[in-house]
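The residues making up each chain are set out below.
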Amino acid sequence: MNKLGYKKINISPILVKKMCTFIRNKLKSHKETKIQNDKYFHKFFSNKIQRAFSVEIEILALKEAYRIAYKYFQMIGTIPYVDKSLIKKCGYPKLDLFFRLVRKNKASDIGFPHTDKFFWMIAKKNKITPPFSNCKKRIKIWIPLIGCNKTNSLLVYPKSHLTKNYYEVKKNINNLRPKTKQKIDNFKSVSPVFCQKNKYEALMFEDNLIHAGQINKSSNLRISAEFHIIMEK
């Protein structure tokens, strides 16, 4: 990685195209006016997160996880399964691979500034940690798919991963989510990666890096995909 705690990387065009096709097909049966309705949105889009990618996409993502782990860290990397509670909810094991849909002008669709490490800490505390072997390193890959631009993307807080970050659990509309206890004004946020025509880029970042979504100010939906990579030597 680097001192900033994140790095813009190239991602498989085939994976991105397959994800975009999958998302567009999924949205075909939903009118955008209905998606803007909170009750409808929470019913069909699982409070922003849907673990509904196809087996083909999961296989492509696993290959990409292996490539990224080896190229940047010289380690063996894989995408873990979701925790026990989500496996029970889904009815069968699913990879920790999902897409996130953010509606226009909906503050409830974005989370508090947080680190992904918080979720792992909570899972460990509640003994619902996903099964994996001896973890040497853990990172997140965030992929902009549809509707992202310079002012409508993911916000990260450079160098915040160098701090001992602590969390508190806060109510966020229909979810309990961890929120950083740090005074967020101490860090300057940036939006380092977004969709550009014929460019296939993703953001790789430390799981202790503070980040958050931006409110979608565009006239369209904003859709991204993300997954963790668990690494071992």
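The structure under discussion appears in the preceding block.
Residues numbered from 1 in each chain as written. Predicted model: local features only at pLDDT ≥ 70, side-chain atom pairs only at ≥ 80, totals over all residues. Heavy atoms only, no water.

Colleague: What exactly am I supposed to notice about the overall build of the chain here?
Modeller: Within the chain, the secondary structure is distributed over 6 helices and 11 strands. Residues counted as buried form 49% of the 233 residues belonging to the chain. Taking all contacts inside the chain whose residues are at least 6 apart in sequence as the whole, residues at least 24 apart take part in 84%. Of the roughly 12,300 Å² of accessible surface on the chain, 53% is carried by carbon and sulfur atoms. (Helix = DSSP H or I, 4+ residues; strand = E, 2+ residues; numbered from the N terminus. Buried < 20%, exposed > 50% of the residue type's maximum accessible area, 1.4 Å probe, protein only. Contact = heavy atoms within 4.5 Å. Areas by Shrake-Rupley, 256 points an atom, 1.4 Å probe, with all protein chains shown as cover.)

Colleague: Explain the packing of aromatic side chains to me, please; I cannot follow it from the model alone.
Modeller: Any pair of aromatic rings gets described here by the distance separating the centres and the angle formed by the planes. What the rule picks out here adds up to 4 aromatic pairs. Measuring from centroid to centroid gives 5.9 Å for Phe 41 and Phe 45, while their planes differ by 20 degrees, and the two rings are stacked. One end of the pair is Phe 41 and the other is Phe 45, both in helix α3 (residues 38-45) and 4 residues apart, which spans about a single turn. Judged by relative accessible area, which is 0%, Phe 41 ranks as buried. Relative to Phe 99, the ring of Phe 53 has its centre 5.7 Å away and its plane inclined at 70 degrees; by these criteria the two rings are edge-to-face. Within this pair, whereas Phe 53 is found in the loop between β2 (49-50) and α4 (55-73), its partner Phe 99 is found in strand β4 (residues 97-102), the two being separated by 46 residues in sequence. The same class applies to Phe 53 and to Phe 99, which are both buried. Members of the aromatic cluster, connected to one another through ring pairs, are Phe 22, Phe 53 and Phe 99. When the ring centre of Phe 41 is taken as reference, the NZ or CZ atom of Arg 103 above it lies at 3.9 Å. (Phe/Tyr/Trp six-rings, centres within 6.5 Å; stacked < 30°, edge-to-face > 60°. Lys NZ or Arg CZ within 6 Å of the ring centre and 35° of its normal.)

Colleague: Got a minute to help me understand helix α6 (residues 116-125) in this structure?
Modeller: Owing to its 3.6 residues per turn, the α-helix brings residues three or four apart onto one side. Looking only at α6, the buried set comprises Asp 116, Phe 118, Trp 120 and Ala 123. Where α6 terminates, the next one or two residues include Lys 127, which has phi positive at roughly 55 degrees.

Colleague: Would you take a moment to explain the side chain of Gln 214 for this structure?
Modeller: Relative to the assigned elements, Gln 214 resides in the loop between β10 (211-213) and β11 (222-232). The buried category is assigned to Gln 214, whose relative accessible area is 16%. A polar contact is formed between the side chain of Gln 214 and the backbone nitrogen of Ser 153, at a distance of 2.7 Å. Every residue in contact with Gln 214, bar those within four places of it in the chain, is listed here: Val 102, Ile 110, Thr 151, Asn 152, Ser 153, Leu 154, Leu 155, Ser 191 and Arg 222. (Polar contact = N/O pair within 3.5 Å; in protein donor to acceptor, adjacent residues only side chain to side chain.)

Colleague: I would appreciate a short explanation of a nonpolar patch on the surface in the present structure.
Modeller: There is a patch of nonpolar side chains on the surface, built from Tyr 66, Tyr 70 and Ile 76 and spanning about 320 Å² of accessible area. Its place among the elements puts Tyr 70 in helix α4. (Patch = residues over 30% accessible without salt bridge, like charges linked within 9 Å, V, L, I, M, F, W, Y side chains within 5 Å. Salt bridge = Lys/Arg side-chain N within 4 Å of Asp/Glu carboxyl O.)

Colleague: What is the right way to look at the nonpolar core in this model?
Modeller: The nonpolar side chains of soluble globular proteins are, as a tendency, buried together. Within the largest apolar cluster, 39 residues are counted, with the highest numbers of intra-cluster contacts made by Ile 141, Ile 143 and Leu 145. Elements that contribute at least two residues to this core include exactly α1 (13-27), α3, α4, β4, β5 (137-146), β9 (201-206) and β11. Tallying contributions element by element places α1 first for this core, with 7 residues. Once residues within four sequence positions are removed from consideration, Ile 141 is found in contact with Ile 9, Ile 11, Ile 68, Ala 202, Leu 203, Met 204, Ala 225, Glu 226, Phe 227 and Ile 229. (Core = buried A, V, L, I, M, F, W, Y, C linked by side-chain atoms within 4.5 Å.)

Colleague: I keep staring at α1 and nothing clicks. Help me out?
Modeller: Look at α1: 21 Å from first C-alpha to last across 15 residues, which is about the 21 Å you get at 1.5 Å a residue. All buried positions along α1 are accounted for by Leu 15, Val 16, Met 19, Cys 20, Phe 22, Ile 23 and Leu 27. Down the axis of α1, the sector holding all buried residues measures 165 degrees, keeping them to one side. In this structure, the buried side of α1 is in contact with α2 (32-35), α3, α4, β4, β5 and β11. (Expected span 1.5 Å × (residues − 1). Arc of directions from axis to C-beta.)

Colleague: Sorry, what's going on with the pattern of salt bridges here?
Modeller: Any two side chains of opposite charge can pair, given that their charged atoms come close. With the rule as written, the count across this model stands at 14 salt bridges. Of the charged contacts in the structure, one is a salt bridge between Asp 96 and Arg 51, with a shortest N-O distance of 3.1 Å. Here the residue Asp 96 occupies a position in the loop between α5 (84-90) and β4, and Arg 51 occupies one in the loop between β2 and α4, the gap between them amounting to 45 residues. Arg 51 carries the same exposure label as Asp 96, and that label is buried. With a shortest N-O distance of 2.8 Å, Arg 103 and Asp 109 are connected by a salt bridge. Asp 109 gets classed as buried once you look at its relative accessible area, which sits at 1%.

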